[in-house]
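Residue-level structural notes
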Amino acid sequence: MNDYRGLLIKKQRKALDISLEALSHGVCSPSYLSKIENNILVANDDIYNLLFKKLGISTMDTIKEEKIKQMLDLFFKYYMSSDSKIFKVMDELLEYKDEVVSSYLFVQYQLFLLYASEMNSQINISLAEVEAYYSYMDDSEREYFNLFRLSSGNMELSDNEEWIFIRRLKAKANLYAYQKNVFVAYDLYKTCLNYAVELGNKTLIAEILCSLGWICLDIDLNQAEKYYTSAAQYDSRYRMLAFYNLGATMIQHKDCMEKGNQYLKKGLKSCTDDFFAVKYKEALFVYAILKENIRDAKRLIKELDDSKYIDVFSMMLNEDYQLNVGYQNRLKELKNDSSLFKFLFIKNCEYLHKYKEICVANNFI
């Protein structure tokens with residue numbers, strides 16, 4: 001379940017000191033209301049509107065709500081494609097900050113603010129604030145949240161002026177990175193690192209080292225490894241992030257596949273987050289398939305029931321899976337989801353090209 005409105009109803013009901021029985025009367029049963037409030041089920045909009053009316057919570061106009069939904073989706077689409085139109089959408093979305101409080105879009109909007117805070121230093125929101133709504137996120141929202149945590153992170157605000165300065169500088173570096181101005185971003189991250197070292201804050205140093213590792217993944221994998229492993233040494237909490245990024249990237253390169261596999265195994269062993277545990281197992285499954293170790297792949301897929309990509313992985317267990325039209329179509333859909341799927345898509349295209357005559361004869365291409 002992932003509808004934030006249940007939490008809003010619960011907070012307002014308790015603030016007004018109204019019992020479950022009183023609020024649910026004429027709308028639903030008290031037990032049904034309890035399930036709504038505790039995120040066990042999602043009701044239809046009519047029930048939410050009736051409960052909101054009894055609690056005095058104003059609701060957003062449906063047309064306006066749909067407009068905001070479309071803009072939020074556009075924001076993340078532009079973010080992923082480094083499209084400069086993101087700034088216009090961002091500015092327009094910020095105008096609705098006070099209106100989304102009672103909308104089902106609230107959690108997605110908080111996620112938007114988190115991303116926007118790295119482009120606009122006047123937006124003050126922390127990773128912890130957004131993480132508090134993690135159980136109310138749907139699968140795609142959790143993907144965006146964890147991507148943010150993986151790629152950039154978010155420094156906690158502090159009264160320390162130097163810390164605030166570093167955060168703003170890092171936000172600027174992130175922006176350059178999103179715009180693919182990699183070398184400018186790299187220089188700014190290095191400047192941030194120097195200031196962080198002067199402050200002597202190990203957590204801050206580790207976070208910036210992770211940013212440097214992230215930006216080096218596609219440029220210099222050896223350098224990325226140095227940054228990520230240093231981050232893990234400064235603050236062990238970053239080990240889970242660092243080892244996943246390194247492992248998932250390294251298994252895509254023939255000359256360091258084994259090292260990538262070791263990072264994935266070490267990371268999974270110390271992983272304390274269910275979401276990351278699934279991501280680790282996905283990458284380990286891909287490694288097993290690449291190495292044609294079907295035994296390990298079959299063992300791992302039993303632990304991937306929570307993966308949203310289970311259909312793809314199931315197809316990869318079949319012989320000649322690369323010729324499967326369903327597999328090819330799914331990779332087209334997923335190639336922008338992660339570097340791992342982009343790699344599989346490219347690898348599959350190379351395979352089809354290599355066996356073009358067979359594919360044409362069988363109407364695969």
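Before going into details, it helps to say that this report is about the structure given with it. Note that the structure is predicted; figures quoted are calculated from it, not measured.

1. Observations regarding the packing of helix 11 (residues 182–199) against helix 12 (residues 202–216)
- Where helix 11 meets helix 12, the closest approach of the two axes is 9 Å, and the angle between their N-to-C directions is 165°. On the basis of the axis angle, helix 11 is roughly antiparallel to helix 12. The hand of the helix 11/helix 12 crossing is left-handed. Of the residues in helix 12, those in contact with Val182, Ala185, Tyr186, Tyr189, Lys190, Cys192, Leu193, Ala196, Val197 and Leu199 of helix 11 are Leu204, Ile205, Ile208, Leu209, Ser211, Leu212, Trp214, Ile215 and Cys216.
- Split into classes, the residues belonging to the contact of helix 11 with helix 12 amount to 17 nonpolar, one polar and one charged.

2. Points about the nonpolar core
- One finds Phe75 and Phe112 to be the most contacted residues of the largest nonpolar core, which totals 123 residues.
- If we ignore the near neighbours within four places in the chain, the residues touching phenylalanine 112 are Leu72, Phe75, Phe76, Met90, Leu93 and Leu94.

3. Some words on unusual backbone geometry
- One non-glycine residue, glutamate 292, lies in the positive phi region at around 60°.
- Looking at where glutamate 292 falls in the secondary structure, it is placed in the loop between helix 16 (274–290) and helix 17 (294–301).
- Glutamate 292 gets classed as exposed once you look at its relative accessible area, which sits at 68%.
- Backbone geometry at aspartate 320 places phi at a positive 55°, although glycine is not the residue there.
- Relative to the helices and strands, aspartate 320 resides in the loop between helix 18 (310–316) and helix 19 (325–334).

4. A word on the packing of aromatic side chains
- A full pass over the atoms with the stated rule returns 14 aromatic pairs.
- Seen from their ring centres, tyrosine 321 and tyrosine 327 are 5.1 Å apart, and the 85° between their planes marks the pair as edge-to-face. Each of the two residues, tyrosine 321 as well as tyrosine 327, counts as buried.
- Through pairs of rings, three or more aromatic residues link up here, namely Phe75, Phe76, Tyr109, Phe112 and Tyr115.
- Taking NZ or CZ as reference, arginine 5 lies 3.9 Å from the ring centre of tyrosine 48, over its face.

5. Focus: helix 15 (residues 257–269)
- The first and last C-alpha atoms of helix 15 sit 18 Å apart over 13 residues, in line with the 18 Å expected at 1.5 Å per residue.
- If you check which residues of helix 15 are buried, you get Met257, Gly260, Asn261, Tyr263, Leu264 and Gly267. Looking down the long axis of helix 15, one finds its buried residues gathered within 160° of arc, a one-sided arrangement.
- Summarising the contacts, the buried residues of helix 15 are in contact with helix 13 (221–234), helix 14 (239–250) and helix 16.

6. Looking at the environment of tyrosine 104
- With respect to the element layout, tyrosine 104 can be found in the loop between helix 6 (86–94) and helix 7 (106–116).
- The class of tyrosine 104 is partly exposed, set by a relative accessible area of 35%.
- Sequence separation between tyrosine 104 and lysine 69 is 35 residues, and the spatial gap between their C-alpha atoms is 9.8 Å.
- Setting aside anything within four residues of it in sequence, one finds tyrosine 104 in contact with Asp3, Arg5, Glu65 and Lys69.

7. A word on the packing of helix 14 against helix 16
- The N-to-C vectors of helix 14 and helix 16 enclose an angle of 20°; their axes lie 10 Å apart at closest approach. It follows that helix 14 is roughly parallel to helix 16 by the angle criterion. Helix 14 and helix 16 meet at a crossing whose hand is left-handed. Residue-level inspection shows Arg239, Met240, Phe243, Tyr244 and Ala248 of helix 14 in contact with helix 16, the latter providing Phe276, Lys279, Tyr280 and Ala283.
- Class assignment of the residues belonging to the contact of helix 14 with helix 16 gives a composition of seven nonpolar, no polar and two charged.

Each value, and the rule that gives it
Residues numbered from 1 in each chain as written. Predicted model: local features only at pLDDT ≥ 70, side-chain atom pairs only at ≥ 80, totals over all residues. Heavy atoms only, no water. Axes fitted to C-alpha atoms, helices over the stretch in contact; angles between N-to-C directions. Helix = DSSP H or I, 4+ residues; strand = E, 2+ residues; numbered from the N terminus. Parallel < 35°, antiparallel > 145°, perpendicular 65-115°, else oblique. Left-handed = near helix turned anticlockwise from the far one by under 90°. Contact = heavy atoms within 4.5 Å. Nonpolar A, V, L, I, M, F, W, Y, C, P; charged D, E, K, R; others polar. Core = buried A, V, L, I, M, F, W, Y, C linked by side-chain atoms within 4.5 Å. Buried < 20%, exposed > 50% of the residue type's maximum accessible area, 1.4 Å probe, protein only. Phe/Tyr/Trp six-rings, centres within 6.5 Å; stacked < 30°, edge-to-face > 60°. Lys NZ or Arg CZ within 6 Å of the ring centre and 35° of its normal. Expected span 1.5 Å × (residues − 1). Arc of directions from axis to C-beta.

Nothing here speaks to function; it is geometry throughout.
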